[in-house]
Structure formats: C-alpha cells, structure tokens
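These are the residues of each chain, in order.
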Number of protein chains: 2
Amino acid sequence: MGKAEAAAAGSGRGAGTPDGAVRERLLKSATDLFTRKGYAGTTVREIVAAAKVTKPVLYYYFRNKEGIYLELMKEGFSRFDSLVGASLEAPGSAAEKILRFCARSFELFLDRIGVARVMYSIYYGPPQGAPFFDFDAYHFKFQEAIRRLVEEGIRNGEFRKGDAGDMTWAIVGAVNVAMEIQLCHPEVGLGKEGLDRVLDVIFAGIAAEGRKGTRKGGRR
Amino acid sequence: MGKAEAAAAGSGRGAGTPDGAVRERLLKSATDLFTRKGYAGTTVREIVAAAKVTKPVLYYYFRNKEGIYLELMKEGFSRFDSLVGASLEAPGSAAEKILRFCARSFELFLDRIGVARVMYSIYYGPPQGAPFFDFDAYHFKFQEAIRRLVEEGIRNGEFRKGDAGDMTWAIVGAVNVAMEIQLCHPEVGLGKEGLDRVLDVIFAGIAAEGRKGTRKGGRR
DNA sequence: GTCTATATTGAGATAGAC
DNA sequence: GTCTATCTCAATATAGAC
C-alpha cells in the first residue's frame with residue numbers, strides 16, 4: 001500500500017467516515033476560521049489543515065477560496081428562500097403566518113449561526129477582499145414577506161388600519177434584535193420563545209386598554 | 001519650544017485656522033479612514049495626510065493611533081451618558097420619556113454616524129488589533145434605561161401589565177433597526193419621524209381592537 | 001538619507017501520479 | 001478523490017549604489 005493510498009483511506013473511508021464528510025468538514029473549518037480571523041486573514045492552508053485534508057481537496061470540491069465562501073452563503077440562503085415561499089402560502093391568519101415565518105427564520109438562523117457571524121463580519125466589517133454577496137437582497141426579501149402578510153392582515157380586518165410599513169419595521173426590529181442578541185450574547189439570548197413573546201407584544205401593543213396611541217389620539 | 005509643540009502651533013494659527021480645527025480635522029480623517037479601510041488597514045501616515053498636518057501633530061493631541069481611536073469612541077458615548085441621566089429624570093409620562101429618550105439617542109447616532117460605522121465595523125468585524133472598548137456596556141445601559149421607563153409605565157397604569165423585558169426588547173428592536181437601516185441604506189432610512197411612528201405602533205399594537213393578543217387571549 | 005534593484009517570503013492555485 | 005510537488009504572483013525586506 002502506497003503512502004498516498006494509506007493517507008486517503010485513513011482520512012475518510014478507512015475510518016468509517018462517509019465520503020461526504022470531507023466536504024462538510026471543509027465548510028465547518030472555513031466557517032470557524034472566517035469567524036475568528038476574517039476572510040482575508042484566513043488562508044487556504046489553515047482551512048485544509050483544520051479539516052485534516054490537503055489543499056487540492058478544497059480545490060476539488062470548491063473552485064477556490066471564493067468558492068467555499070460563496071457556498072457557505074448560498075447554503076444558508078437557499079433554505080431561507082424555500083421558507084419564504086412556504087410561509088406565504090401556508091394556511092392560517094396573518095398573525096399566525098407572521099409568527100410562523102419569523103420563528104422558522106429564527107430557527108434557520110440559529111442552525112447556521114456560525115455562517116451568520118461570518119455574514120455580519122463581512123457586511124459590517126472592513127473590506128476584506130471577499131467576493132460580493134447581496135446580503136441586502138435577502139434582508140429586503142425578508143422584509144417584503146412580512147410586509148405582504150401585514151397588508152393581508154390589514155385587508156381582512158385582523159390588524160388595525162395603519163401604516164403597513166411602520167408595522168413591518170416593528171416586526172423586523174424584533175426579529176433583528178433577537179438574532180443579534182443571540183449572536184453577541186447567546187447566554188442572555190431571547191431564544192425562539194422569547195422572540196414569540198416579543199412579537200406578541202407588538203401585536204397587542206404596550207399601552208393599557210383605552211390608551212392606544214400616545215399623541216395623535218389613536219389611528220393616523 | 002519642543003518639536004511637537006511647534007508643529008501643533010504652526011499648522012493651525014499660522015493659516016488663520018482656529019486651533020481646535022486641527023484636532024477636529026484629525027478626528028474626522030481618522031473616522032473616514034477607519035470606516036473605509038478598517039482600523040488595522042489605516043496608517044497614521046494616511047490620517048495625518050488626510051488632515052493636512054504632520055505626524056507629530058497627531059502624537060501631540062492624541063498619544064498614538066490607539067489614542068485617537070479611543071477618543072472617537074469616548075466622545076460619542078460621553079454625550080450618550082448625559083442623555084441617559086437627563087431622560088430618566090425628565091418630566092412627562094413614561095411613553096413621552098421613552099419617545100424622547102429614543103429620539104435623542106437616534107439624533108446623537110445620526111450626528112455621529114461616521115463613528116457609529118467604525119463601531120459596527122470593530123464590533124462585528126474580524127479582529128483588527130484595535131484596543132478594547134466596552135460597546136456592550138453601552139448597549140446594556142441603553143436597554144436598562146428603557147426597561148426602567150417601561151416598568152415605571154406599568155406601575156402607574158400607563159402600560160398594560162405584562163413582561164417589562166419583552167416590551168423593552170420590542171422598543172430596543174425598533175430603535176436598533178432604525179439605526180441600522182440608516183447605517184446601511186440612508187436613502188430609505190426611517191429617520192427620526194419614522195422611528196417615532198414605529199414606536200407609536202409598538203405602544204398601540206398592531207392587532208385590531210378587541211383582538212389583542214394572538215394566542216393567549218390577551219394578557220399573560 | 002533616499003532610491004532602486006534584487007532577494008525572500010508566503011499567499012492562492014495547479015499538474016500529474018496513484 | 002486524494003496525494004506530492006511545483007508554479008505564479010504580489011508584498012515585503014534588504015542591499016548596495018548614488
């Protein structure tokens with residue numbers, strides 16, 4: 001048995017690990033390193049070393065460093081895309097749909113929180129030479145989905161008449177803050193249940209009965 | 001007269017520029033460059049060149065690169081500190097105080113939006129060797145101020161009985177999203193008025209009258 | 001002192017054997 | 001699919017002329 005063969009067997013099949021695990025290990029290593037050291041600060045060598053494979057393996061599965069980065073981004077967002085479609089067409093009241101859509105989005109976020117950290121780092125951080133990825137498009141897509149549901153709720157009398165845009169912002173703000181707290185302070189994170197409760201607050205309002213509206217005597 | 005002193009004096013007064021302007025120019029240059037190229041990616045040489053002064057001038061006003069960075073952070077937050085104190089003790093209903101506090105905070109944010117970009121970049125971005133600054137402490141301070149006011153509102157019957165924490169998150173989320181949109185998409189930013197309206201939505205709720213609460217039939 | 005030419009390094013990427 | 005060995009290229013460091 002040659003040296004290469006031995007190494008190949010040992011790293012994958014030989015140890016009882018399924019073939020696909022190599023690809024997954026690379027994605028995980030890349031996520032960890034991009035998070036800790038940034039895109040530019042991470043070298044291909046480090047990624048493959050952490051995944052316990054050699055360099056050509058990375059180039060085999062992904063075209064190059066940009067490729068593995070884009071794959072990370074796309075994987076998360078493709079699942080989000082299905083979510084949007086499913087949630088809009090689901091049965092139930094507008095409020096139920098909104099709650100379900102937000103909960104599912106938040107679950108997806110938690111499931112891919114490592115990738116989310118990389119996204120935030122790229123989006124807000126300094127230029128790092130990472131290839132362009134249209135994060136804004138997805139934020140917009142999220143917001144538009146909520147807005148549609150809010151408008152639906154207003155139409156069918158479920159929600160009060162008011163500016164759908166403003167209502168949308170309130171909901172987006174809640175989801176946003178739940179995600180960001182989870183990102184930075186997982187130990188005090190709202191969690192799925194917390195997000196649910198905050199959304200409930202937004203639906204119901206904070207003001208005591210009979211005191212709706214703080215300045216303009218109610219509706220605008 | 002020492003070398004640094006001479007440079008400090010010479011660059012300002014001689015050209016008829018008020019003394020303080022040099023310091024301000026340096027802070028502005030640093031903000032711009034830190035935003036565009038990150039902390040690590042910005043050199044002291046670039047900062048002084050952009051401010052049209054020489055290197056010793058920077059070292060005269062601020063000890064070093066870390067010094068000018070920390071000064072940027074502190075200037076914004078010291079104004080915020082006064083805000084917190086003033087807003088909590090101001091007269092008016094809890095809702096009024098919350099609205100005023102959020103509006104003032106948002107105005108301060110707009111006024112220092114360049115510095116805010118640097119903060120986001122450092123906070124979410126990859127390690128850049130910037131000296132530690134406790135951003136979390138200020139986020140916490142903001143949240144606690146809101147929470148106090150919410151609790152006050154609940155106590156005096158202005159707000160409905162409910163989880164003050166959840167109500168606080170809803171409000172913080174709205175302010176947060178207003179700030180972040182302004183940061184990333186100033187052209188569609190809510191602005192001060194938009195934030196006001198969204199907060200109003202949170203106070204009043206989204207649900208139509210008689211339909212408050214989406215699952216538990218109202219209060220919890 | 002400053003400038004330019006030449007190492008040296010370390011990065012991403014590839015060729016070809018197995 | 002994976003390996004070893006090698007390539008290209010840009011940034012940085014250094015040496016030596018001026």
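Residues numbered from 1 in each chain as written. Chains lettered and ligands numbered in written order. Predicted model: local features only at pLDDT ≥ 70, side-chain atom pairs only at ≥ 80, totals over all residues. Heavy atoms only, no water.

### Some thoughts on the environment of Y138 of chain B
Residue and element names in this part refer to chain B.
Step number 1: The residue Y138 is located in helix α8 (residues 135-155) in this model.
Step number 2: Each C-alpha atom, one on Y138 and one on F80, is 8.7 Å from the other, the two residues being 58 residues apart in sequence.
Step number 3: What Y138 contacts, discounting residues up to four positions off in sequence, is F77, F80, D81 and F133.
Step number 4: A distance of 3.3 Å separates a polar atom in the side chain of Y138 from a polar atom in the side chain of D81. (Helix = DSSP H or I, 4+ residues; strand = E, 2+ residues; numbered from the N terminus. Contact = heavy atoms within 4.5 Å. Polar contact = N/O pair within 3.5 Å; in protein donor to acceptor, adjacent residues only side chain to side chain.)

### Some thoughts on the pattern of salt bridges
Side chains bearing opposite charge may pair, as long as their charged atoms lie close to each other.
Residues and elements named next belong to chain B.
Step number 1: The full count for this structure, using the stated rule, is 28 salt bridges over all chains.
Step number 2: Across the pair R79 and D111 runs a salt bridge, and its minimum N-O distance is 2.9 Å. Residue R79 is found in helix α5 (residues 65-89), and its partner D111 is found in helix α6 (residues 94-111); the two are separated by 32 residues along the sequence.
Step number 3: With a shortest N-O distance of 3.7 Å, E107 and K192 are connected by a salt bridge. In this pair, E107 is assigned in helix α6 and K192 in helix α10 (residues 191-204), connecting sequence segments 85 residues apart. (Salt bridge = Lys/Arg side-chain N within 4 Å of Asp/Glu carboxyl O.)

### Topic: the protein's contact with DNA strand D
Residues and elements named next belong to chain A.
Step number 1: Surrounding DNA strand D, one finds 7 residues, the nearest of these being V22, T54, P56, V57 and Y61.
Step number 2: If you look at DNA strand D and keep only atoms within 4 Å of the protein, 68% of those are sugar or phosphate atoms.
Step number 3: In this structure, T54 approaches DNA strand D through a side-chain N or O atom, which is 2.3 Å from a phosphate oxygen.
Step number 4: Interatomic distance of 3.1 Å between a side-chain N/O atom of Y61 and a phosphate oxygen of DNA strand D.
Step number 5: A breakdown of the residues in the surface near DNA strand D according to their chemical character gives 6 nonpolar, 1 polar and no charged. (Near = heavy atom within 4 Å. Nonpolar A, V, L, I, M, F, W, Y, C, P; charged D, E, K, R; others polar.)

### Digging into the protein's contact with DNA strand C
Residue and element names in this part refer to chain A.
Step number 1: Every residue lining DNA strand C is accounted for by T42, T43, V44, R45, K55, P56, Y59, N64 and K65.
Step number 2: Looking at DNA strand C alone, sugar and phosphate atoms form 54% of those within 4 Å of the protein.
Step number 3: Take R45: an N or O atom from its side chain is 3.3 Å from a base nitrogen of DNA strand C.
Step number 4: One of the side-chain N or O atoms of Y59 is found 3.1 Å from a phosphate oxygen in DNA strand C.
Step number 5: Of the residues in the surface near DNA strand C, the class split is 3 nonpolar, 3 polar and 3 charged.

### Remarks on the relation of the copies chain B and chain A
Step number 1: At an RMSD of 0.1 Å, chain B and chain A line up after a rotation of 180 degrees and a shift of 0.0 Å along the axis. Expressed as an axis order, the relation between the two copies is that of a two-fold axis. The position closest to the rotation axis in chain B is occupied by the C-alpha of G205 of chain B, lying 1.6 Å away. (Least-squares fit on C-alpha atoms with pLDDT ≥ 70 in both.)

### Examining the interface of chain B and chain A
Step number 1: Opposite the 55 residues of chain B that make contact, chain A presents 55 residues.
Step number 2: Taken together, both faces of the contact between chain B and chain A bury some 5,200 Å²; the carbon and sulfur share is 59%.
Step number 3: Counting across the interface, chain B meets chain A through 2 salt bridges.
Step number 4: For the salt bridge of R197 of chain A with D166 of chain B, the shortest nitrogen-to-oxygen distance reads 2.7 Å. (Buried area = accessible area lost by both parts, 1.4 Å probe.)

### Structural notes on unusual backbone geometry
All names here are of chain A.
Step number 1: Positioned with a positive phi, K52 is a non-glycine residue whose angle comes to about 60 degrees.
Step number 2: Within the secondary structure, K52 is located in the loop between α3 (44-50) and α4 (55-61).
Step number 3: On the basis of relative accessibility, which here comes to 68%, the residue K52 falls in the exposed class. (Buried < 20%, exposed > 50% of the residue type's maximum accessible area, 1.4 Å probe, protein only.)

### Some points on the packing of aromatic side chains
Residues and elements named next belong to chain A.
Step number 1: Applying the stated criterion to the full structure yields 39 aromatic pairs over all chains.
Step number 2: A centroid spacing of 6.3 Å and a plane angle of 75 degrees characterise the contact between F34 and Y69, whose relative ring orientation is edge-to-face. In this pair, F34 sits in helix α2 (residues 21-37) while Y69 sits in helix α5 (residues 65-89), placing the two residues 35 residues apart along the sequence.
Step number 3: Residue classification places F34 among the buried residues on the basis of a relative accessible area of 1%.
Step number 4: Judged by its relative accessible area of 0%, Y69 falls in the buried class.
Step number 5: A cation over an aromatic ring shows up here: K65 above the ring of Y39, its NZ or CZ 4.6 Å from the ring centre. (Phe/Tyr/Trp six-rings, centres within 6.5 Å; stacked < 30°, edge-to-face > 60°. Lys NZ or Arg CZ within 6 Å of the ring centre and 35° of its normal.)

### Structural notes on the side chain of Q128 of chain A
Step number 1: Mapped onto the elements of the fold, Q128 of chain A is located in the loop between α7 (113-124) and α8 (135-155).
Step number 2: Sequence-distant contacts of Q128 of chain A, that is, excluding residues within four places in its chain, are made with G38, Y39, A40, S121 and I122 of chain A together with P126 of chain B.

### Notes on the domain arrangement of chain A
Residue and element names in this part refer to chain A.
Step number 1: For chain A, the assigned domains read domain 1 (3-63) and domain 2 (70-206).
Step number 2: The distance between the C-alpha centroids of domain 1 and domain 2 comes to 32 Å.
Step number 3: Taken together, the contact pairs 10 residues of domain 1 with 12 residues of domain 2.
Step number 4: Interface of domain 1 and domain 2: buried area, both sides summed, is about 850 Å²; carbon and sulfur atoms make up 70% of it.
Step number 5: Where domain 1 touches domain 2, the interface holds 2 salt bridges.
Step number 6: Across the pair R23 and E71 runs a salt bridge whose closest N-O atoms are separated by 3.2 Å.
Step number 7: Summed over the shared surface of domain 1 and domain 2, the result is 3 residue pairs in polar contact (both at pLDDT 80 or more).
Step number 8: By residue class, the composition of the side of domain 1 that touches domain 2 is 6 nonpolar, 3 polar and 1 charged. (Domains from an automatic or database assignment.)

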